[in-house]
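Architecture and fold: a report
Each chain, written out:
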Amino acid sequence: MMDVRRIISKIERDYIVSNLKKEERIDGRGLWEYREFQIKSDTITSAEGSADVSLGDTRIITGLKYEVGEPFPDLPNEGVCTVMAELLPIASPLFERGPPDEQSIELARVVDRGIRHADCVQTKQLCIKENEAVYILFVDMYVINYAGNLIDAGGVGALTTLISAHIPEGKWNDEKKVTEWTGKYLTGKTIVKELPFVMTYGKIEDIIFLDPSLPEELVCDGKISISVTENKITSIQKSGSATFNIDEIKMLGSKSLEIGKKLRKELNLLQYLSEIK
Amino acid sequence: MMDVRRIISKIERDYIVSNLKKEERIDGRGLWEYREFQIKSDTITSAEGSADVSLGDTRIITGLKYEVGEPFPDLPNEGVCTVMAELLPIASPLFERGPPDEQSIELARVVDRGIRHADCVQTKQLCIKENEAVYILFVDMYVINYAGNLIDAGGVGALTTLISAHIPEGKWNDEKKVTEWTGKYLTGKTIVKELPFVMTYGKIEDIIFLDPSLPEELVCDGKISISVTENKITSIQKSGSATFNIDEIKMLGSKSLEIGKKLRKELNLLQYLSEIK
Amino acid sequence: MMDVRRIISKIERDYIVSNLKKEERIDGRGLWEYREFQIKSDTITSAEGSADVSLGDTRIITGLKYEVGEPFPDLPNEGVCTVMAELLPIASPLFERGPPDEQSIELARVVDRGIRHADCVQTKQLCIKENEAVYILFVDMYVINYAGNLIDAGGVGALTTLISAHIPEGKWNDEKKVTEWTGKYLTGKTIVKELPFVMTYGKIEDIIFLDPSLPEELVCDGKISISVTENKITSIQKSGSATFNIDEIKMLGSKSLEIGKKLRKELNLLQYLSEIK
Amino acid sequence: MPLIIKDEYPENLFREDGKRLDGRDVNELRPIKMEVGVIKNADGSAYLEWGNNKIFATVYGPREVHPHHLAKPDKGVLRVFYRMATFSVFDRKRPAPGRREKEISMIVADCIEPLLFLELYPGTSFEVFIEVIDADGGTRCASTTVAALALADAGIPMKSLVSALAVGKIDGKKVVDLSGIEDKAGEADFPIAITWYNEEISLLQFDGDMDLEEMNEFLDLAKNALKDVHQIQLEALKSKYIKLQEETIQTKENNDKKGDE
Amino acid sequence: MPLIIKDEYPENLFREDGKRLDGRDVNELRPIKMEVGVIKNADGSAYLEWGNNKIFATVYGPREVHPHHLAKPDKGVLRVFYRMATFSVFDRKRPAPGRREKEISMIVADCIEPLLFLELYPGTSFEVFIEVIDADGGTRCASTTVAALALADAGIPMKSLVSALAVGKIDGKKVVDLSGIEDKAGEADFPIAITWYNEEISLLQFDGDMDLEEMNEFLDLAKNALKDVHQIQLEALKSKYIKLQEETIQTKENNDKKGDE
Amino acid sequence: MPLIIKDEYPENLFREDGKRLDGRDVNELRPIKMEVGVIKNADGSAYLEWGNNKIFATVYGPREVHPHHLAKPDKGVLRVFYRMATFSVFDRKRPAPGRREKEISMIVADCIEPLLFLELYPGTSFEVFIEVIDADGGTRCASTTVAALALADAGIPMKSLVSALAVGKIDGKKVVDLSGIEDKAGEADFPIAITWYNEEISLLQFDGDMDLEEMNEFLDLAKNALKDVHQIQLEALKSKYIKLQEETIQTKENNDKKGDE
């Protein structure tokens, strides 16, 4: 594999592009083919749900934490689910320490929107007592190795983390005005409804391809991420300076629904439901 | 007009100073003459009051926002009025992005003090319910074009903004312990009493002049701002390394009362009172 | 004395080390000898306790402030005592402005731990009303002149400050749910029990010595600080890249108990008890 | 902190007469006004009113990159800084720039970069500052549109302009140019930008719920409306040159008069 | 967080005997003590007690500018950093420097800069650090006064010293040198600095309410009181040289004695 | 914000059968698993599980120092960045690095620096990044241990490894390798590291209460247990080379097969 530790040179760019023009990729994949997904769930003892997801050499560890807080006044019976991402400096010599950079903000935002707009997390199930107490969920993603296409790996990681959830179940004590433990747990079965998948495509010149690897990502003009449920497109995000004509967008919409169906079946994420009750 | 996009050179400085020594200014004004004021009020739909003020090519847009909060314990029946300023990078190639720099802090502070110490804002009228709820007003100034003497333009902008105010009128509901809307509005008529004007003078060597333009500001040794009401001096602020002898200060006090009277009449700011009731 | 305003050169290092090897120090002290302590207490009018401590040319001014807050839920009848340190730029050309650097964090932490783990501050005496109101004490150290071994000087400063305390005594008014003043003061007599001393040793190559002066500190491989009460070791902190063999650690434990006894007697810190009642 | 009036949204986003709440048809734009050259200190500037949006954009460049380490040896650097005034929204915005402002800065930059010939300006930078002083829905699209105008006003060579607007779904119907209320209370928001030199899409974001057929309809709807926006941009530039021409004529006449005296 | 005792101000700022609360006459200064050379690591330093104010000032320079980009090719750079200790005020100050500290830093710099010959030191910087460890009203004036002393102690060529103090109005009467209580509970505060080489005013701030005649009286009152402050500064510098002289004599005597042995 | 379950500690830290709560004897280690070469992008990396601790460490270097002004002309610079994941602890940690993370970074650096030959790498830097994704007591010791492994994996010349663990006192008894519960509910915590090239102590911290005799016992207890930790580190390195060897053999066989075809 190409050395990813430095900025890709002109020669490497030309090599990648000329391969793509022949519908070939430097790692041997077809244009619409994913690298292999590997998923482990509930690996973190301290978290209330977690996932260790690899997509090729890209690896993201995601954990779930919760807090109990007051609901927003305008949504008195709904909990909250937030997504954060951090591109660890351990993950690549390209990353720097410091506050969240643009790439990690983008990762968190696209994954968050994929979840938020697809009726995935049942925020009403996260209400303990109307106006008084709701769950605030934190889905935090840490990139452990960066080898391209963090978004699709992060999407699967966040989803698996939520499915694997086991959060202490709270009951509102109206006298003491506090939340008490019922002794049981809230699991992914209650929290998660829809399973949205996000698919990211790279574009170099006029060639479009699924799941960019790191060298492809470093040379591409732009990317587009499309989130889908079973039959609907729920989120789109274009980034970078690539432009797409309208027919390309229509084609990618159709492709995404198709690939989403396949992924849904192959990954079978519901197998990771927590068995704690 | 002189190119303001770079630091003024020695030659330009000498030119400005030699003109001033002849009691002439590079834009043709006399030493005690203001550039033209242009005022538009209530231009911002989202704000509860606003002003778009130009002083020559200097242009500042000011908006009013409010919040309802608890009063300070030691002033249980008084609201609060704060002034903020930002020197937008759109306004000049000389400004930089980032946290408020010294110049915008000075602008906000001098304008704030001009207002605060002149019995201008009737903070007791900003009380909704003693000990429980008061208005917190935010007068935020944005410098759109920077051509010298931000303070005097900002002073007029802040005053006009307050005069043009239309803030939802609140009534305290003692049962629910919340503030409710009466359906009416609080306007500048209730909020504003005194109209303090601030006048800024530049000093180069031993020459003093009103309303420094940008080139004059860039070469001057220092400035002094004096706020006045009808008959009183309410605030003074010297800045920069210029020094003034005592007679000069006495003269400027007298000048300021005189120019303030003229400005008060010419600008007639009360015409901008909001007509919403 | 050696010029401390620049990084110590190789030649100076060799000079210091060769002296130490002969069990001599550049300021004439023996290996296990402290520079002179000078202590003034209650020097700051605005503080509720203070100390001005010099150790040789090192000088630290420490002040005590308090607030009243709610106790931590798991310690409903205990107050809190925090230690902060700042290495002022006035104190040395080696310090920079900005957020607390590593050296000031270390100073605060080692002094804090010396106090915290020695049953020094009687946090239960800092409770005004269980579950409702406790004292939060702030012991803030400012380094005025930096001439080496801030930790030992800071330890004595923090202790003296606490001993000199005179904090308004609060009484809980259960009806109004507020803390009221009894008219009396809480003093060091009530607050302080154990008097822990912290001793810091430098190590260069295989030589160990007490109370490093600034030039010694700048060339040494590492330091170790040991806090002791009358008969016990209560805290140890090694820093820097020096390593110690086990026999050296055992020796230093024994030395520290011995020197601590001497210091306790000589400094007689209880003389600084406040006389306000 | 609480406000006295709530930022409430109506139950219905269509009136009984089938028009939208502000009286528009489904495919009608809000009133748009554009002007260039409004900020004298800048190399280029533009001002836009679009519904209640009021936005300034200025351009500085090509100029030396500051800080230096951001300079690129093989091409110019484009930097976009989008900011909102504290009073531009219903609840006062905190003065410090937030994540949303950084996000929109990036989006606008992605739309503008394809228009420029950055490879002709190695080692330099172009800075675009956008200040929203009044916001009403669609600010990212309006900002993209006005930023392109400011670049043109600066005389920087461009392949074409870019125009942007949001289509969306409200009360189940597809509409163009969502207003603030429609954006917040509607079901779907679909901001789209078209770069006119290749008629391709350079901004595309969607949050909501649509099938393939709906997506195709949205794209066609947007393209038609964007043609009108583009026209307004071109007219703003044109009127600048007309004004310049008039000033030149005026000056000439004055000079002639002087000559006569 | 609340404190047990409130920072309350008295109703009257004059006692029945016509004296101010601390026993002073209207034109009497609080006790002032100044000392130079108090911080060994610095190029120059001074310590001042003025009422309950206790303030250190140190000077480093002329030295290399750090960071480099602040250096100026045609003159030296003066930078002043004013800070207050957390425990220097009634309510504990937060450790991070606030706006007020930046403002006062600027004010002090404006007073000191006219004194220096910065044009003789191109490319270098002078840094003045001021640390208030106990505050009692008039800290900006006291800081200006002690900073000038520290510069003199550093042996930096100066046109003259600068002295500062606040006059003001309490219970309707004009007084000099406002104490902390008088500053907070009084009607007007008027800090003034005079640079002695030209007897001009280099610090002037006012918040309150006065007519022209009152202003003129204030200015005359201040000038008189500042002469006394200046005298104390000069004595502090003198006593340093006396001390140095004594030390030299002492050393000489010791050497002589040694020589005798 | 409150959680539903509290982070409570048991009254007794020993079971009735005299074992610790997790079934260990006083001088028994928790289960430890180490692996090197786990992060492909890094110059060296290691992963460790120690009880419920799960920690990654990566090494980058020797490489150019960034920012430049941190470079030293006479030796390489070691920088350690220790971070904890938000979900690695009972109460969610705030994402920004805190003081504790900076403190532990410094401690780990102090333990690693004596192992390296930094004087051979003037002008360059070694960066060690440590990420705790699951924490269970003794993270500073576990991090020191895994960081040493990552350095070895990077092929950087070292005098020896360093191993660290905490001994301590729980319910009055001295034990090795405190678990998270034991750390929080116990009476004393005594983290110790030994650099094996000179068998000296490079990390030593103590908070609690002990007399001299107790201290001596602790030190001996720690040294014995650390020998076992060291053994596990060596085996992790060894198994890497065995794996590499196997891969080489495999490749060779494959090549041979291909050659046969």
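Residues numbered from 1 in each chain as written. Chains lettered and ligands numbered in written order. Predicted model: local features only at pLDDT ≥ 70, side-chain atom pairs only at ≥ 80, totals over all residues. Heavy atoms only, no water.

Quick word on the overall build of chain D
Note the cut-off: Secondary structure counts use DSSP, requiring at least four H or I residues in a row for a helix and at least two E residues in a row for a strand, with both numbered from the N terminus. Each radius of gyration reported is based on C-alpha atoms, and the globular scaling rule is 2.2 Å times the count of residues to the power 0.38.
Within chain D, the secondary structure is distributed over four helices and nine strands. Tracing chain D from N to C terminus, the helices and strands come up as β-β-β-β-α-β-α-β-β-α-β-β-α. Computed over the C-alpha atoms, the radius of gyration of chain D is 20 Å, within 12% of the 18 Å expected from 2.2 N^0.38 for a compact globule of 261 residues. For chain D, the C-alpha atoms occupy an extent of roughly 70 × 55 × 45 Å along the three principal directions.

Describing the overall build of chain A
Quick reminder of the rule: Buried, partly exposed and exposed residues are distinguished by accessible area as a fraction of the type maximum, computed with a 1.4 Å probe on protein chains only: under 20%, between the cut-offs, and over 50%, respectively. Residue contacts are defined here by distance: any two heavy atoms, one from each residue, within 4.5 Å place the two residues in contact.
Secondary structure assignment for chain A yields six helices and twelve strands. In terms of overall size, chain A behaves like a compact globule, its C-alpha atoms giving a radius of gyration of 20 Å where 277 residues would be expected to give roughly 19 Å. For the C-alpha atoms alone, the extent of chain A along its principal axes is close to 70 × 40 × 35 Å. Considering chain A as a whole, with its 277 residues, one finds that 63% of them fall into the buried category. If you take every contact in chain A between residues at least 6 apart in sequence, the share linking residues at least 24 apart comes to 71%.

Here we look at the interface of chain D and chain A
Note the cut-off: Put simply, buried area is the surface a 1.4 Å probe can reach on two separate parts but cannot reach once they are joined, added for both. Just to be clear on terms, a salt bridge is a Lys or Arg side-chain nitrogen sitting within 4 Å of an Asp or Glu carboxyl oxygen.
Contacts between chain D and chain A engage 28 residues on the former and 29 residues on the latter. Interface of chain D and chain A: buried area, both sides summed, is about 2,600 Å²; carbon and sulfur atoms make up 58% of it. Remark: the boundary between chain D and chain A carries five salt bridges. Glu200 of chain D is paired through a salt bridge with Lys203 of chain A; the nearest N and O atoms lie 3.9 Å apart.

Details of the sheet that holds strand S2 (residues 44–50) of chain E
Residues and elements named next belong to chain E. As a reminder of what qualifies: Strand pairing is defined by DSSP finding a minimum of two bridges between the two strands. Each axis is a line fitted through C-alpha atoms, taken for helices only over the stretch in contact, and angles between the N-to-C directions span 0 to 180 degrees.
Across the sheet, which stays open at both edges, the five strands sit in the order S1-S2-S3-S5-S4 with mixed pairing between neighbours. Two strands close off the open sheet at either side, each with one partner strand: strand S1 (32–36) and strand S4 (77–84). Each neighbouring strand pair of the sheet contributes to a mean axis angle of 15°, computed without reference to strand direction. Pairing of S1 with S2 involves five bridges; the strand directions are antiparallel. Its bridge partner lying in S2, Val36 is registered against Ala46. Lying over the sheet, helix H1 (residues 99–112) contacts S4 and strand S5 (124–134), oriented at roughly 140° with respect to S4. In the packing of helix H2 (residues 139–153) onto the sheet, contacts are made with S1, S2, strand S3 (53–64), S4 and S5, and the angle to S2 comes to roughly 150°.

Let's talk about empty space enclosed by the protein
All names here are of chain A. Cut-off, in case you're wondering: The method works on a 1 Å grid over the protein atoms by themselves. A cavity is a set of points holding a 1.4 Å probe that cannot get out, a pocket is an open set with protein on both sides within 12 Å along at least five of seven lines, and residues with an atom within 4 Å of a point line them. Grid points are joined across faces, edges and corners, and a volume is the space filled by probe spheres set on the points. In the scheme used here, Gly and all other residues not listed as nonpolar or charged are polar, with Ala, Val, Leu, Ile, Met, Phe, Trp, Tyr, Cys and Pro taken as nonpolar and Asp, Glu, Lys and Arg as charged.
Following the criterion strictly, the structure yields eight cavities of 30 Å³ or more and no others. By volume, the largest cavity is sized at about 100 Å³. Forming the boundary of the largest cavity are Val111, Gly114, Ile115, Asp152, Gly155, Val156, Leu159, Pro196, Phe197, Val198 and Ser227. Looking at the lining of the largest cavity, the elements with two or more residues in it are helix H2 (102–116), helix H3 (150–163) and strand S9 (197–204). Of the residues assigned to the lining of the largest cavity, the class counts are seven nonpolar, three polar and one charged.

Focus: helix H1 (residues 99–112) of chain D
Rules: In this scheme, a helix's expected span is set at 1.5 Å multiplied by one less than its residue total.
Taking 1.5 Å per residue as the helical rise, H1 of chain D with its 14 residues ought to reach 20 Å, and the 20 Å between its terminal C-alpha atoms agrees with that figure. Of all the 14 residues making up H1 of chain D, ten are buried; the element is thus mostly covered by neighbouring parts of the structure.

Side note on the state of the cysteines
Our working rule: The term disulfide is used for any two cysteine sulfur atoms that are within 2.5 Å.
The final tally for this structure, using the stated rule, is zero disulfides over all chains. Unpaired in this structure, Cys220 of chain C has its nearest cysteine sulfur neighbour in Cys111 of chain F, at a distance of 16 Å.

Focus on the interface of chain D and chain B
Frequently, the measure chosen for interface size is the accessible area removed from exposure when the parts meet. Contacts between chain D and chain B engage 36 residues on the former and 43 residues on the latter. Taken together, the two surfaces of chain D and chain B that pack against each other cover about 3,200 Å², and 58% of this comes from carbon and sulfur. Together, Ile4, Asn41 and Phe87 of chain D form the three largest contributors to the area buried by chain D at its contact with chain B, with a combined 26%. The interface formed by chain D and chain B holds three salt bridges in total. Between Arg92 of chain D and Asp140 of chain B there is a salt bridge, with the nearest N and O atoms lying 2.8 Å from each other. Residue assignment for the side of chain D that touches chain B shows that the elements contributing at least two residues are strand S3 (53–64), strand S4 (77–84) and strand S5 (124–134) of chain D. Each residue belonging to the side of chain D that touches chain B can be placed in one class, and the counts come to 20 nonpolar, six polar and ten charged.

Examining the arrangement of the chains
Over all C-alpha pairs, chain A and chain E never come within contact, reaching a minimum spacing of 20 Å. You won't find any contact between chain E and chain F; their C-alpha atoms come no closer than 11 Å.

Topic: the sheet that holds strand S5 (residues 124–134) of chain F
Residues and elements named next belong to chain F. With mixed pairing, the five strands of this open sheet are ordered in space as S1-S2-S3-S5-S4. A single partner strand is all that each edge strand has here, and the edge strands are strand S1 (32–36) and strand S4 (77–84). Here the strands of the sheet are splayed against their neighbours by 15° on average, with no regard to which way each runs. For S4 and S5, the ladder comprises eight bridges, and the chain directions are parallel. Within S5, the position partnered with Val77 by the bridge is Ser125.

Re the confidence of the model for chain A
We count it as follows: Scored between 0 and 100, pLDDT is the confidence that the predictor attaches to each residue.
Mean pLDDT for chain A: 91, with 94% of residues reaching 70 or above. This model gives residues 1–6 of chain A a pLDDT under 50, and the stretch forms 20 contacts once residues within four places in sequence are excluded.

Here we look at the side chain of Arg140 of chain D
Residue and element names in this part refer to chain D. Put simply, the test is: Here a polar contact is taken to be a pair of N or O atoms separated by no more than 3.5 Å, where protein atoms must pair a possible hydrogen donor with a possible acceptor and residues adjacent in sequence count only if both atoms sit in side chains.
If you trace the backbone, Arg140 turns up in helix H2 (residues 139–153). For Arg140, a relative accessible area of 15% gives the class buried. Here Gln205 takes part through its side chain, which lies 2.6 Å from a polar atom of the side chain of Arg140.

Observations concerning the pattern of salt bridges
Across all of its chains, the model carries 131 salt bridges over all chains by this definition. Taking the shortest distance from any N to any O, the salt bridge between Asp57 of chain A and Lys40 of chain F comes out at 3.1 Å. Within this pair, whereas Asp57 of chain A is found in the loop between strand S2 (50–55) and strand S3 (58–69), its partner Lys40 of chain F is found in the loop between S1 and strand S2 (44–50), the two belonging to separate chains. You can call Lys40 of chain F exposed: its relative accessible area is 56%. A salt bridge links Asp177 of chain D to Arg24 of chain D; the shortest N-O distance between them is 3.5 Å. Linking Asp177 of chain D in the loop between strand S7 (173–176) and helix H3 (180–185) with Arg24 of chain D in the segment before strand S1 (32–36), this pair joins segments that are 153 residues apart in sequence. Residue Asp177 of chain D shares its accessibility class with Arg24 of chain D, and that shared class is buried. Linked by salt bridges that have partners in common, Arg20, Asp22, Arg24, Arg30, Asp136, Asp177 and Glu182 of chain D make up one network.

Here we look at the packing of helix H2 (residues 102–116) of chain C against helix H3 (residues 150–163) of chain C
All names here are of chain C. To keep it simple, the criterion reads: With respect to orientation, any angle under 35 degrees is reported as roughly parallel, any angle over 145 as roughly antiparallel, any angle of 65 to 115 as roughly perpendicular, and every other angle as oblique. By convention the crossing between two helices is left-handed if the near helix lies anticlockwise of the far one by an angle smaller than a right angle, and right-handed if it lies clockwise.
Direction vectors running N to C along H2 and H3 enclose 50°, while the axes themselves pass 9 Å from each other. What the angle tells us is that H2 and H3 run oblique. At the point where H2 passes H3, the crossing takes the right-handed sense. Of the residues in H3, those in contact with Gln103, Glu106, Leu107, Val110, Val111 and Ile115 of H2 are Leu150, Ile151, Gly154, Gly155, Ala158 and Leu162. Among the residues making up the contact of H2 with H3, the classes are represented as eight nonpolar, three polar and one charged.

Quick notes on the environment of Gln250 of chain D
Tracing the backbone through its elements, the reader meets Gln250 of chain D in helix H4 (residues 212–260). Each C-alpha atom of the pair Gln250 of chain D and Gly51 of chain D lies 34 Å from the other, and the pair is 199 residues apart in sequence.

Points about the confidence of the model for chain D
Looking at chain D as a whole, the pLDDT averages 91, with 97% of positions reaching at least 70. Prediction confidence for the complex, expressed as pTM and ipTM, is 0.86 and 0.85 respectively.

What about the environment of Leu218 of chain C?
All names here are of chain C. Turning to its location among the elements, Leu218 is positioned in helix H5 (residues 214–219). Assessed through its relative accessible area of 35%, Leu218 is described here as partly exposed. The sequence separation of Leu218 and Ser9 amounts to 209 residues, and the corresponding C-alpha distance is 9.8 Å.

Side note on the packing of aromatic side chains
How we decide: Think of it this way: a Phe, Tyr or Trp ring, Trp meaning its six-membered ring, pairs with another when their centres are within 6.5 Å, and the plane angle makes it stacked under 30 degrees, edge-to-face over 60, tilted otherwise. Definition used: whenever NZ (Lys) or CZ (Arg) falls within 6 Å of the ring centre and also within 35 degrees of the ring normal, the charge is taken to sit over that ring.
Scanning the entire structure with this criterion turns up 33 aromatic pairs over all chains. Ring centres of Tyr60 of chain F and Phe129 of chain F lie 6.0 Å apart, and the angle between their planes is 65°; on these two criteria the pair is classed as edge-to-face. Of this pair, Tyr60 of chain F sits in strand S3 (residues 53–64) while Phe129 of chain F sits in strand S5, and the two are 69 residues apart along the sequence. Like Phe129 of chain F, Tyr60 of chain F is buried. Among the aromatic side chains, those forming a connected cluster through ring pairs are Tyr60, Phe81 and Phe129 of chain D. Note that Lys203 of chain A overlies the ring of Phe244 of chain A, its terminal NZ or CZ placed 4.8 Å from the centroid.

A few points about helix H2 (residues 102–116) of chain B
Residues and elements named next belong to chain B. Taking 1.5 Å as the rise per residue, H2 with 15 residues should run 21 Å; its terminal C-alpha atoms sit 20 Å apart, in good agreement. With twelve of 15 residues buried, H2 is to be regarded as a mostly interior element. Considered for burial, the residues of H2 that qualify are Ser104, Ile105, Glu106, Leu107, Ala108, Arg109, Val110, Val111, Asp112, Arg113, Gly114 and Ile115.

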